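Coordinate inspection notes
Chain by chain, the residues:
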2 protein chains.
Amino acid sequence: MSVLIVGSTALDSIKPATAENPRLLGGSASHAAVAASFFGPVNLVGVVGDDFPKRYVQLYRKHRIDLEGLQVEPGKTFHWSGEYEVNMNNRRTLLTELGVFEKFTPHLPAAYKQSQYVLLANIAPSLQHHVLDQMQRPKFVVADTMDLWLNIALGDLLRLIRRVDGFVLNDGEAHQLTKENNVFAALKKIHKLGPKYVIIKKGSHGSILSAPQGFFICPAYPLHKVVDPTGAGDAFVGGMMGYLAHAKGPPENNLRRAMIHGSVVASFCCEGFGLNRTTRTKRADIDRRVKELERLTEF
Amino acid sequence: MSVLIVGSTALDSIKPATAENPRLLGGSASHAAVAASFFGPVNLVGVVGDDFPKRYVQLYRKHRIDLEGLQVEPGKTFHWSGEYEVNMNNRRTLLTELGVFEKFTPHLPAAYKQSQYVLLANIAPSLQHHVLDQMQRPKFVVADTMDLWLNIALGDLLRLIRRVDGFVLNDGEAHQLTKENNVFAALKKIHKLGPKYVIIKKGSHGSILSAPQGFFICPAYPLHKVVDPTGAGDAFVGGMMGYLAHAKGPPENNLRRAMIHGSVVASFCCEGFGLNRTTRTKRADIDRRVKELERLTEF
């Protein structure tokens with residue numbers, strides 16, 4: 001069954017030290033949907049303006065992404081511009097033009113309401129709530145977020161994470177939310193806020209799952225060069241949810257391998273600007289890196 | 001056969017936010033030797049003053065550490081005092097009194113010169129050279145270091161690492177040495193400086209081995225609370241070398257499991273001030289955490 005992914009669909013202008021890369025396809029839902037598409041069909045809900053390039057619509061289609069839930073509104077597509085420091089860890093936003101995203105309300109096509117696997121990719125928690133309100137009986141719902149919502153919509157976010165099975169955030173956000181420097185102490189506090197599964201992303205250091213069955217230490221795939229980390233976190237959760245939705249058995253049995261697959265898709269994401277490298281990736285490339293991660297971690 | 005460990009033997013005064021812990025047994029060789037002792041006998045080479053507490057000599061002995069190479073000189077034992085920030089990642093040196101360490105020249109007892117496994121724990125590279133000059137045909141030599149030597153004795157250090165099988169440093173030092181932000185790019189450059197095996201320590205994020213057989217991503221054991229990370233890096237290499245020296249087969253076949261064991265001993269080290277927790281650890285406790293790490297990383 002298709003995985004449902006709701007989030008932002010944007011045009012990203014990324015400025016590294018070398019050259020500007022204007023208006024690449026970006027946004028949390030775009031990265032997550034393409035990542036999920038390697039494992040099976042995807043239903044996407046988002047909004048774009050009437051300036052949204054046709055080639056990006058074609059790109060979604062090429063990846064078996066159903067676009068019935070992609071709203072096209074008069075106006076401009078959400079545009080984000082940012083730059084990275086040399087070490088690729090610190091990002092600075094240069095410009096945010098919300099455009100049609102400002103008045104976005106995610107409407108789910110009837111068929112999407114029965115989705116079993118739902119990824120609430122990074123958007124305002126109020127919109128993530130609105131999606132959940134329309135769902136019938138989803139089996140496994142995961143929400144991602146970003147520091148912005150911790151700053152300006154903490155109440156909404158805290159109510160949201162009581163409604164989801166899994167909550168994903170990065171180490172900086174976990175610290176901001178719990179005031180704990182220690183990742184494992186932070187995980188304990190986040191469970192008390194509701195979610196059964198909590199995943200803390202640590203960039204090139206991998207990620208940690210905390211589940212009723214215990215922790216899982218998930219490695220990042222070794223990369224000698226990171227070209228552009230934009231969307232890597234979205235690719236990670238997208239790949240994870242895509243894998244989960246199409247794996248046999250209950251999600252708790254597949255979560256570890258799902259994270260590994262997400263981690264590998266995120267590694268491809270980092271190797272090109274925007275979705276450039278990810279969209280040139282084949283399922284066989286992913287499987288090869290998963291096998292390699294098995295070798296890199298066995299002892 | 002005993003593993004030979006040469007390094008500093010010191011008294012550490014550690015000031016966390018809570019309370020001062022004066023003149024605990026410390027130094028790279030002390031932490032490494034106690035860590036190695038869980039796996040078999042250890043020969044220690046270091047220097048202490050005539051103020052060195054008898055209870056610390058007894059503690060070494062309790063851990064089957066041979067002290068024929070521990071020089072006792074008139075004067076004061078090397079004393080270091082430092083404090084940690086709340087997040088336990090940043091350390092600040094408050095005081096360094098070299099004492100008898102200032103004129104230390106490591107003399108190896110005759111029997112030690114035939115050691116097969118040698119750990120040059122963190123001391124001045126010139127002293128590490130001096131140890132190697134006295135060795136006959138060691139099978140596997142590993143050197144550890146610290147940022148201080150990169151700053152004041154880089155030439156000596158670069159000559160040293162051409163003489164060893166394995167070189168261990170932390171991520172900050174790897175960046176300082178190679179100017180590379182990316183760990184895997186740094187590893188590549190460090191191999192070109194000589195060593196066949198390079199290990200980069202990343203604290204709570206674990207460590208990475210780069211070997212002719214490929215990388216190994218070694219996890220850190222999950223700790224909810226770090227009491228005092230002083231000596232954790234020394235415990236890691238000490239545990240690793242102790243395990244290697246007593247494992248069957250060639251070192252290249254045992255290095256991954258050796259790192260895992262080192263990582264576990266380092267986790268105990270972090271759970272108490274100085275060596276307080278490590279010395280209360282039993283081999284069975286270590287084996288239990290190793291098994292747990294197997295479960296925490298399998299997918």
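Look up: the structure comes first, before these words.
Residues numbered from 1 in each chain as written. Chains lettered and ligands numbered in written order. Predicted model: local features only at pLDDT ≥ 70, side-chain atom pairs only at ≥ 80, totals over all residues. Heavy atoms only, no water.

This part takes up the state of the cysteines. A covalent bond between the sulfur atoms of two cysteines is referred to as a disulfide. Residue and element names in this part refer to chain A. Taken as a whole, this structure holds zero disulfides over all chains when the rule is applied. Here Cys-218 stays free of any disulfide, with the sulfur of Cys-270 as its closest cysteine sulfur at 13 Å. For the unlinked cysteine Cys-269, the closest cysteine sulfur is that of Cys-270, found at 5.5 Å. (Disulfide = S-S within 2.5 Å.)

Note on the identical chains: chain A maps onto chain B by a rotation of 180° and an axial translation of 0.0 Å, with an RMSD of 0.0 Å. Both chain copies can therefore be described as sitting about a two-fold axis. The C-alpha atom lying nearest the rotation axis in chain A is that of His205(A); the distance is 3.1 Å. Most of the interface of chain A is mirrored in chain B: 100% of its interface residues are interface residues there too. (Least-squares fit on C-alpha atoms with pLDDT ≥ 70 in both. Contact = heavy atoms within 4.5 Å.)

Turning next to the sheet that holds strand 4 (residues 42–49) of chain A. Residue and element names in this part refer to chain A. Spatially, nine strands are ordered 5-4-1-8-9-10-11-12-13 in an open sheet, and the strand pairing comes out mixed. Of all strands in the sheet, those bounded by a partner on one side alone are strand 5 (65–73) and strand 13 (214–218). On average, adjacent strands in this sheet sit at an angle of 15° to one another, irrespective of strand direction. In the sheet, strand 1 (residues 3–6) pairs with strand 8 (residues 117–120) via three bridges, with the strands oriented parallel. Residue pairing for strand 8: Leu-4 is matched across the bridge by Val-118. (Pairing = 2+ DSSP bridges. Helix = DSSP H or I, 4+ residues; strand = E, 2+ residues; numbered from the N terminus. Axes fitted to C-alpha atoms, helices over the stretch in contact; angles between N-to-C directions.)

Okay, the packing of aromatic side chains next. Residues and elements named next belong to chain A. Applying the stated criterion across every chain, the model contains 18 aromatic pairs over all chains. Pairing Phe-52 with Tyr-60 gives two aromatic rings, centres 6.1 Å apart and planes at 20°, and the pair type is stacked. With respect to burial, Phe-52 and Tyr-60 carry one shared label: buried. Among the aromatic residues, those joined into a cluster by ring pairs are Phe-52, Tyr-56 and Tyr-60. Arg-55 extends its terminal NZ or CZ atom over the ring of Tyr-56, reaching a point 4.6 Å from the ring centre. (Phe/Tyr/Trp six-rings, centres within 6.5 Å; stacked < 30°, edge-to-face > 60°. Buried < 20%, exposed > 50% of the residue type's maximum accessible area, 1.4 Å probe, protein only. Lys NZ or Arg CZ within 6 Å of the ring centre and 35° of its normal.)

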